[in-house]
Amino acid sequence: MQKFERIFVDLNRWLLIAILSAMAILVFLNVCLRFLTNQSITWSDEVARHLMIWLTFIGAGITLRHGSLTAIDNVQIAVGDRKARILRIISALIMFAFFAVMIWAGKTYVGRTMLQTTPSTQIPFGYIYLAIPIGFTLLTIHLLLVLRTYVIGGMSALQGEDDLPPVAA
C-alpha cells in the first residue's frame, strides 16, 4: 500500500509540475512576443486559464495531504482527545459526502457543457470542467490514504517536518 501511495503522490506531483510549467512557459512566451514583435498568441490567455483550473483541482489532493485544507484545530484543542477524534471522524464523513456530491455534480456539468466550445481554441467546455470530477476523485483517494493519520492526530499530524515552508525551517 505504501508503494501505491508513493507512486500515486509522485504522479500527482509530476502532473502538477507539468501543468504549472506549461502555463508559465505559455504566459512567458506570450509576454515576450508582445514585447518583441507587438504580436501575441491569441489563445494563450484562454489556455492558461484552463490550465489554472486543472492545476487547482488536481493540486487540492496534495494540499489535503499536507493538512492545509480543513482544520478545526481550536475546537479540537478545547475538547478532550476522545471528543477530538469524534469531531475528526465527523469532519472526514462530511468531506467524503461533499466530495461525492462534487463528483456527481461535476460529471453532470461535464455532460451539459460538452456541446459548448471555448472561444479561441474551440475545445468543448466539458473537457475543462472534467477537472471537477477528476479532482474530487483524487481528493477522495488522498483522504482515504491519510484518513487514519488524520483521525488519530488531526491535520497537524499530516504536517511533517519536510512540509514546513522555507522561512519556518
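Residues numbered from 1 in each chain as written. Predicted model: local features only at pLDDT ≥ 70, side-chain atom pairs only at ≥ 80, totals over all residues. Heavy atoms only, no water.

A. Broad picture of the overall build of the protein chain. For the protein chain, the helix and strand inventory stands at seven helices and zero strands. What you see in the protein chain, going N to C, is helices and strands ordered as α-α-α-α-α-α-α. Its C-alpha atoms give the protein chain a radius of gyration of 20 Å, more than 25% over the compact-globule value 15 Å for 169 residues. With the C-alpha coordinates aligned to their principal axes, the bounding extent of the protein chain is approximately 65 × 40 × 35 Å. Expressed as a percentage of its 169 residues, the buried residues of the protein chain come to 34%. Put simply, 71% of the contacts in the protein chain that link residues at least 6 apart link residues at least 24 apart. Element-wise, carbon and sulfur atoms account for 68% of the exposed surface of the protein chain, whose accessible area totals about 10,800 Å². Across the protein chain, 13 positive and 9 negative side-chain charges occur, with their mean positions spaced 9 Å apart. (Helix = DSSP H or I, 4+ residues; strand = E, 2+ residues; numbered from the N terminus. Rg over C-alpha atoms; globule rule 2.2 N^0.38 Å. Buried < 20%, exposed > 50% of the residue type's maximum accessible area, 1.4 Å probe, protein only. Contact = heavy atoms within 4.5 Å. Areas by Shrake-Rupley, 256 points an atom, 1.4 Å probe, with all protein chains shown as cover. Lys, Arg positive; Asp, Glu negative; His and termini not counted. Charge placed at Lys NZ, Arg CZ, Asp CG, Glu CD.)

B. Structural context of the side chain of asparagine 12. By secondary structure assignment, the location of asparagine 12 is in helix H1 (residues 2–37). On the basis of relative accessible area, asparagine 12 is assigned to the buried category, the value being 5%.

C. Quick look at unusual backbone geometry. Even without glycine at this site, asparagine 38 takes up a positive phi of about 60°. On the secondary structure map, asparagine 38 appears in the loop between H1 and helix H2 (44–65). Notably, glutamine 122 is not glycine yet its phi reads approximately 60°, a positive angle. Note on placement: glutamine 122 falls in the loop between helix H4 (81–113) and helix H5 (125–129).

D. Geometry of a nonpolar patch on the surface. Together, Ile123, Tyr127, Leu130 and Ile134 give the surface a local cluster of nonpolar side chains, amounting to about 320 Å² of exposed area. Among the residues examined, leucine 130 registers a relative accessible area of 31% and is labelled partly exposed. (Patch = residues over 30% accessible without salt bridge, like charges linked within 9 Å, V, L, I, M, F, W, Y side chains within 5 Å. Salt bridge = Lys/Arg side-chain N within 4 Å of Asp/Glu carboxyl O.)

E. The arrangement of the environment of arginine 6 in detail. Mapped onto the elements of the fold, arginine 6 is located in helix H1. Measuring from C-alpha to C-alpha, the distance between arginine 6 and serine 91 comes to 25 Å, with 85 residues separating the pair along the chain.

F. Up close: the nonpolar core. Ranked by internal contacts, the top residues of the largest apolar core, which has 15 residues, are Leu64, Met95, Phe99, Phe136, Leu139 and Tyr150. Sorting the residues of this core by element identifies H2, H4, helix H6 (131–153) and helix H7 (155–158) as the ones contributing at least two each. The element contributing the most residues to this core is H6, with seven residues. (Core = buried A, V, L, I, M, F, W, Y, C linked by side-chain atoms within 4.5 Å.)

G. Molecular detail of H6. For H6, spanning 23 residues, the distance from its first C-alpha to its last is 30 Å, which sits close to the expected 33 Å at 1.5 Å a residue. At valine 146, H6 shows its maximal kink, close to 60°. In the stretch just after H6, glycine 154 is the one whose phi turns positive, near 85°. (Expected span 1.5 Å × (residues − 1). Bend = angle between axes of the 7 residues up to and from the residue.)

H. Inspection of the side chain of asparagine 30 at higher detail. Of note, asparagine 30 is situated in helix H1. In contact with asparagine 30, not counting residues within four places along its chain, are Ser40, Ile41, Ser44 and Asp45.

I. Looking closely at the pattern of salt bridges. Tallied over the entire structure, the rule returns three salt bridges. The residue arginine 65 makes a salt bridge to glutamate 5 at a minimum N-O spacing of 2.2 Å. With arginine 65 in helix H2 and glutamate 5 in helix H1, the pair connects residues that are 60 residues apart, well separated along the chain. Like arginine 65, the residue glutamate 5 is buried in the burial classification. A salt bridge links arginine 85 to aspartate 81; its shortest N-O distance comes to 3.9 Å. In this pair, arginine 85 and aspartate 81 are both assigned in helix H4, four residues apart and thus about one turn of the helix distant. The partly exposed category is assigned to arginine 85, whose relative accessible area is 35%.

J. Structural context of H2. For H2, built from 22 residues, the straight-helix expectation of 32 Å at 1.5 Å per residue is met to within 8% by its first-to-last C-alpha distance of 32 Å. At glycine 59, H2 shows its largest kink, close to 35°. Just downstream of H2 lies glycine 67, where phi reads positive at about 70°.

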